[in-house]
Amino acid sequence: MKLDNLEQGFFGIGIQNGKTPENLGVLWRSAQNMGASFIYTIGNRYAKQACDTHKAVGAMPYFHYETFEDFYAHLPKGAMLVGVELTENAEALETFIHPRRCVYLLGAEDHGLSKEAIEKSHFLVKFQSTLSLNVSVAGSIIMYDRSSKSKFST
């Protein structure tokens, strides 16, 4: 069942310091298919994505922020920041109740989220995984989990 984001809220998804154009392109393609309201990047490692075969960047709002501070200052009003990071204090995705209005933030595979992003996230979530996942796979799992759960927090 596809969720109606106008009824359920909205979500955006993006990457901080994305490592490869392929990861961004695959994530954008998944975001478009899973009902994301917008996509974004933070940092200077962004490049055109050949893997975005559905041309999601042209089909939905795309934002780029030079720094985390700039991104954080421009979070949509009322949106919660959900950091995806394999940390000890992160909540298991399996029991996580997604905020109705939120922005998911993923880190690059080689560095993860910045310390500041981890500290400023309203929620941190992780998977049952001992090793990190490919960022586009992790983002796709987050979006699938959101769409498969019928209960959202406010």
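Residues numbered from 1 in each chain as written. Predicted model: local features only at pLDDT ≥ 70, side-chain atom pairs only at ≥ 80, totals over all residues. Heavy atoms only, no water.

Caption draft 1: Molecular detail of helix α6 (residues 135-148). With 14 residues, α6 ought to run about 20 Å at 1.5 Å a step, and its terminal C-alpha atoms sit 20 Å apart, in line with that. Inspection of α6 places V135, S136, A138, G139, I142, M143, D145, R146 and S147 among the buried residues, and these make up the whole buried set. (Helix = DSSP H or I, 4+ residues; strand = E, 2+ residues; numbered from the N terminus. Expected span 1.5 Å × (residues − 1). Buried < 20%, exposed > 50% of the residue type's maximum accessible area, 1.4 Å probe, protein only.)

Caption draft 2: Structural detail: the environment of S147. The residue S147 is located in helix α6 in this model. Distance from S147 to G35, taken between C-alpha atoms, is 8.6 Å for residues 112 residues apart in sequence. From its side chain, S147 meets the backbone oxygen of Y144 in a polar contact 2.9 Å long. (Polar contact = N/O pair within 3.5 Å; in protein donor to acceptor, adjacent residues only side chain to side chain.)

Caption draft 3: How the structure looks around unusual backbone geometry. Within the chain, N17 stands out as a residue other than glycine whose phi angle is a positive 55 degrees. Structurally, the position occupied by N17 is in the loop between β1 (10-16) and α2 (21-33).

Caption draft 4: Spotlight on the environment of F68. Along the chain, F68 turns up in helix α4 (residues 68-73). C-alpha separation for the pair F68 and S114, spaced 46 residues apart in sequence, amounts to 8.5 Å. The contact partners of F68, leaving out residues within four places of it in the chain, are Q16, I42, L81, L105, E116, A117 and K120. (Contact = heavy atoms within 4.5 Å.)

Caption draft 5: Examining the packing of aromatic side chains more closely. A full pass over the atoms with the stated rule returns eleven aromatic pairs. Seen in terms of ring centroids, F11 and Y104 are 5.8 Å apart; in terms of plane orientation they differ by 70 degrees. Their pairing is edge-to-face. Here F11, found in strand β1, pairs with Y104, found in strand β6 (residues 101-107); they are 93 residues apart in sequence, far enough to count as distant. On the accessibility criterion, Y104 (0% relative accessible area) is buried. Taking 6.4 Å as the distance between ring centres and 70 degrees as the angle between the ring planes, the aromatic pair formed by Y40 and Y65 counts as edge-to-face. With Y40 in strand β2 (residues 38-42) and Y65 in strand β3 (residues 62-65), the pair connects residues that are 25 residues apart, well separated along the chain. Taken as a pair, Y40 and Y65 share a single burial class, namely buried. Taken together, the ring pairs connect F38, Y40, F63, Y65, F68, F71 and Y72 into an aromatic cluster. (Phe/Tyr/Trp six-rings, centres within 6.5 Å; stacked < 30°, edge-to-face > 60°.)

The analysis is restricted to geometry; functional conclusions fall outside its scope.
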